[in-house]
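# Structural overview
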Amino acid sequence: MRQSAGRASPTTPDTVVRIAGVDKTFARDGVVVTTALSGIDLSISRGEFVSLIGPSGCGKSTLLRVIGDLVAPSAGSVEVNGKPAAQARRDRDYGMVFQAPVLFDWRSVEDNVKLPLELMGYDGPRRTARAKEMLDLVELGEFLKHHPYQLSGGMQQRVAIARALSFEPAILLMDEPFGALDEMTRERMNQEVLRIWEATGTTIVFVTHSIPEAVFLSSRVVVMSARPGRITDVIDIDLDRPRGVATREEPRYFQLVTAVREALRRGGMGDELAERMEDGSGASIDRTAAEGGIG
Amino acid sequence: MRRQAVLFGSFALVVLVAWEGVKFLGGVPWRFPNALGLGIDVFHDPPFRWAFANDLNLPHWFNILGVLGQPVQRGSDESLGTFLAGAAFYTWREAAIGFVVGALLGLVLATLFVHSRLAERAFVPYVVASQTIPIVALAPMIVYAFGPSVASVVIIATYLTFFPVTIAMIRGLRSPDPRALELMRSYASSAWDVYRKVRLPASLPYLFTALKIAATASIVGAIIGEGPGGIPDGLGRAIINFNQSYITSPEKLWGAILVSSLLGISFFAIIRLLESLTLRGRAAVPEL
């Protein structure tokens, strides 16, 4: 196993997620087709808001899924609350929010929020109380009996957040949750998710490809680059809290946005160089692999 | 619903008018002594003579309706209409049993195939092949195996029902968004929970589409099965009998066809009603 590259913060009792030396390769017929993640080390503390940012194909969604034990790493280890990720999943430590709300149209808004509670054996009155509390938290308390298709995209995503938080998971995993929303709604949802984060104290890992979003929300931004997917930089976001409309106009905000952009460009440049080099020698290796030579 | 009924009625009217229009142009001469009780003799000699429009091949529809009110046999006090309605109900019961058994069989098979790629690869080709055997070839074999009884007829109806349900439910049970399955995995839910909370509810629109096809197919299956099955009380025997007397009274067979299709439409409508009750509140409830 690889040693921690020193990028990750040291392990403390407050560490919620500890990722060490994680690789993820996808193989077809025994031949490695893609290296989605390579040598990932990362620690996340309780109550942190960590964003994963990078170009498409950098493995940020894969990393999120590895943390959530939806995808098994090819090498390395992932611990959540001091347990292997698989155990953490069985202990229902994860709340998931995807880019699409993934609400069930045969259930009312309330019943969608109740779904995980049903599965986890909450009794009827507790389910009702939790669903009401969570929907109040996302300010949809008046829409209990509505059906998902009667709500706007932003409202549906808030229902998904309420559902993810309903059973008080240790960690909230969000995969580009606002990527499908328009810019105005997105900024409102950013504010909303900060308010919820501050109200609940949940640890959040947030995948995005929006630099302003990552800077505005996070306590740390993890910058990734593609082929192979790896962490190239971790930037601490020291903006004051609570953050609001004024935050987006502070000089420090713009400095940090620039810092993240430059970190991404550095990662991206390396990427382009690697690609140019692959055009010479890498392509022939691929061809040999396709013909079944390597495996 | 009302709009649909109006459209359905209007189209029926168009068909009836076209029907009589064809006979007016190319049927056999009409004679109505004392038409409409007015004491006028009406006689019409169509300008053409088309074989398909003569009274044997295309009886006047009012004669078809009329024969339904007449005794089923000379001297009988039961009208043809009542007789056919009773036969239709009898056939419907056979079809309905086959329908329920076939739907359950289809559900079980689809569930198996969705959870086992191996089973799917091994058995789906046979499920498909089973439907390429003509039912007229298979029906006598089933009757030979299970005896001339209602059971044979039910098996034939089942045979025609399970197929659309199997195929549609494989699709329906696989229809949930992959992320919905990831979500369920993140809740550490069992395969059974995924099935009853996500796969099954997501598949219901597919199920009802298949059930509507199966409803009409099960009735065709029951009618066909009643012939070799030797069931005297259903529409199948009535159709065979009226076939034999077609030269002398074609209206009776047309009447039996009319009742058969009304039976099919009614069964379809029942499923459609169940569908709209079950899927109420969902985003897209299909029109048909």
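Definitions and limits used
Residues numbered from 1 in each chain as written. Chains lettered and ligands numbered in written order. Predicted model: local features only at pLDDT ≥ 70, side-chain atom pairs only at ≥ 80, totals over all residues. Heavy atoms only, no water. Helix = DSSP H or I, 4+ residues; strand = E, 2+ residues; numbered from the N terminus. Buried < 20%, exposed > 50% of the residue type's maximum accessible area, 1.4 Å probe, protein only. Pairing = 2+ DSSP bridges. Lys, Arg positive; Asp, Glu negative; His and termini not counted. Salt bridge = Lys/Arg side-chain N within 4 Å of Asp/Glu carboxyl O. Contact = heavy atoms within 4.5 Å. Patch = residues over 30% accessible without salt bridge, like charges linked within 9 Å, V, L, I, M, F, W, Y side chains within 5 Å. Areas by Shrake-Rupley, 256 points an atom, 1.4 Å probe, with all protein chains shown as cover. Expected span 1.5 Å × (residues − 1). Polar contact = N/O pair within 3.5 Å; in protein donor to acceptor, adjacent residues only side chain to side chain. Buried area = accessible area lost by both parts, 1.4 Å probe. Nonpolar A, V, L, I, M, F, W, Y, C, P; charged D, E, K, R; others polar. Domains from an automatic or database assignment. Phe/Tyr/Trp six-rings, centres within 6.5 Å; stacked < 30°, edge-to-face > 60°. Lys NZ or Arg CZ within 6 Å of the ring centre and 35° of its normal. Core = buried A, V, L, I, M, F, W, Y, C linked by side-chain atoms within 4.5 Å. pLDDT = per-residue confidence, 0-100.

Assigned secondary structure in chain A consists of eight helices and 10 strands. Across the 295 residues of chain A, 53% fall into the buried class.

A word on the pairing of strand β9 (residues 220-225) of chain A. Working note: regular strand, side chains alternate between the two faces of the sheet. Residue and element names in this part refer to chain A. Among the six residues that make up β9, six are buried, leaving the element largely enclosed by the rest of the structure. Going residue by residue along β9, you find R220, V222 and M224 tucked away on one face and V221, V223 and S225 tucked away on the opposite face as well. Sheet topology note: the strand β3 (residues 49-53)/β9 ladder contains four bridges and is parallel. Bridge pairing links L52 to V222 in β9. With six bridges joining them, β9 and strand β10 (residues 230-236) adopt antiparallel strand pairing. Bridged to V222 within β10 is V234. Turn length for the β9-β10 hairpin, with the two strands adjacent in sequence and antiparallel, is four residues, and the turn residue R227 shows positive phi of about 45°.

Right, let's get into the side chain of E251 of chain B. Residues and elements named next belong to chain B. As for its placement among the helices and strands, E251 is situated in helix α10 (residues 250-278). Of the side chains with opposite charge, K23 lies nearest to the buried E251, which makes no salt bridge, at 8.0 Å. Not counting the four nearest positions on each side in its chain, E251 is found in contact with P59, N63, I64 and V67.

Residue and element names in this part refer to chain A. Direction of pairing for strand β1 (residues 15-28) relative to strand β4 (residues 75-80): antiparallel, over a ladder of five bridges. The partner of I19 across the bridge, within β4, is V78. Where β4 folds back on strand β5 (residues 83-84), the antiparallel hairpin that results is connected by two residues, among which N81 adopts a positive phi of roughly 55°.

Let us look at a nonpolar patch on the surface. Residue and element names in this part refer to chain B. A surface patch of nonpolar side chains, about 590 Å² in accessible area, is lined by F32, L36, L38, I40, V42 and F62. Within the secondary structure layout, L38 lies in the loop between β1 (30-35) and β2 (40-44). Classification of L38 as exposed rests on a relative accessible area of 59%.

Residue and element names in this part refer to chain A. With 18 residues, helix α6 (residues 183-200) should reach 26 Å at 1.5 Å per residue; the first-to-last C-alpha distance of 25 Å fits that figure. Where α6 is concerned, the buried positions are T185, R186, M189, N190, E192, V193, L194, I196 and W197. Among the structural elements, β3, α4 (124-137), α5 (153-165), β7 (171-175), β8 (203-208) and α7 (211-217) are those in contact with the buried residues of α6. For α6, the capping residue at the N-terminal end is D182, with a side-chain oxygen 3.2 Å from the backbone nitrogen of M184.

Our focus in this paragraph is the interface of chain A and chain B. Between chain A and chain B, the residue contacts involve 25 residues of the former and 18 residues of the latter. Interface of chain A and chain B: buried area, both sides summed, is about 2100 Å²; carbon and sulfur atoms make up 63% of it. In this structure, the connection of chain A to chain B is made through three salt bridges. One salt bridge in this structure joins E182 of chain B and R65 of chain A, with 2.8 Å as the shortest N-O distance. In this assembly, chain A and chain B are joined by six residue pairs in polar contact (both at pLDDT 80 or more). When residues of the side of chain A that touches chain B are traced back to their parent elements, those giving at least two are α2 (85-90), β6 (94-97) and α3 (109-119) of chain A. A total of four residues in the side of chain A that touches chain B trace back to one element, the largest contributor, which is α3 of chain A. Across the side of chain A that touches chain B, the residue classes tally to 14 nonpolar, two polar and nine charged.

Here the focus is the sheet that holds strand β2 (residues 31-45) of chain A. Residues and elements named next belong to chain A. Strand order in the open sheet formed by four strands is β2-β1-β4-β5, and the pairing between neighbours is antiparallel. The open sheet has two edge strands with one neighbour each: β2 and β5. Of the pairings in the sheet, the one linking β4 to β5 comprises two bridges and is antiparallel in character. Note that in β5 the partner of V80 across the bridge is K83.

Our focus in this paragraph is the domain arrangement of chain B. Residues and elements named next belong to chain B. On domain assignment, one finds that chain B holds domain 1 (2-58) and domain 2 (80-278). Counting from both sides, the interface comprises six residues of domain 1 and, opposite them, five residues of domain 2. Both faces considered, domain 1 and domain 2 share a buried interface measuring about 410 Å² in area, 71% of it formed by carbon and sulfur atoms. Along the contact surface separating domain 1 from domain 2 lie zero salt bridges. Counting across the domain 1 and domain 2 interface gives one residue pair in polar contact (both at pLDDT 80 or more).

This part covers the packing of aromatic side chains. Scanning all chains against the criterion turns up 16 aromatic pairs over all chains. Ring centres 6.4 Å apart and planes at 55° place the aromatic pair Y159 of chain B and F162 of chain B in the tilted group. Of this pair, Y159 of chain B and F162 of chain B are both found in helix α6 (residues 150-173), three residues apart, which corresponds to roughly one turn of the helix. The interplanar angle of 20° and the centroid separation of 6.1 Å between the aromatic rings of W192 of chain B and Y195 of chain B together place this pair among those described as stacked. Of this pair, W192 of chain B and Y195 of chain B are both found in helix α8 (residues 191-229), three residues apart, which corresponds to roughly one turn of the helix. Given a relative accessible area of 55%, W192 of chain B falls into the exposed group. An aromatic cluster is built from F49, F178, W197 and F206 of chain A, whose rings are joined through pairwise contacts. Sitting over the face of the ring of F26 of chain A, K24 of chain A holds its NZ or CZ atom 5.0 Å from the ring centroid.

Attention shifts here to the side chain of E226 of chain B. Residue and element names in this part refer to chain B. Looking at where E226 falls in the secondary structure, it is placed in helix α8. Among buried Asp, Glu, Lys and Arg side chains, E226 stands out as unpaired, with R237 the closest opposite charge at 8.1 Å. A distance of 3.2 Å separates a polar atom in the side chain of E226 from the backbone nitrogen of L235. A distance of 2.6 Å separates a polar side-chain atom of E226 from the backbone nitrogen of G236. Residue contacts for E226: discarding those within four places in its chain leaves Y90, T91, E94, V153, I231, G234, L235, G236 and R237.

Okay, the nonpolar core next. All names here are of chain B. Counting residues in hydrophobic clusters, the biggest one holds 50 residues, and the most contacted among them are L84, V165, L211 and L235. Within the residue set of this core, elements represented by two or more residues are α2 (61-69), α3 (80-115), α4 (117-130), α6, α8, α9 (235-244) and α10. The contact partners of L235, leaving out residues within four places of it in the chain, are L84, A87, A88, T91, I223, E226, V259, S260 and L263.

Confidence in the prediction of chain A, expressed as mean pLDDT, is 86, and 86% of residues score 70 or more. Within the model, the stretch residues 269-295 of chain A combines pLDDT values under 50 with 13 contacts to residues more than four positions away or in other chains.

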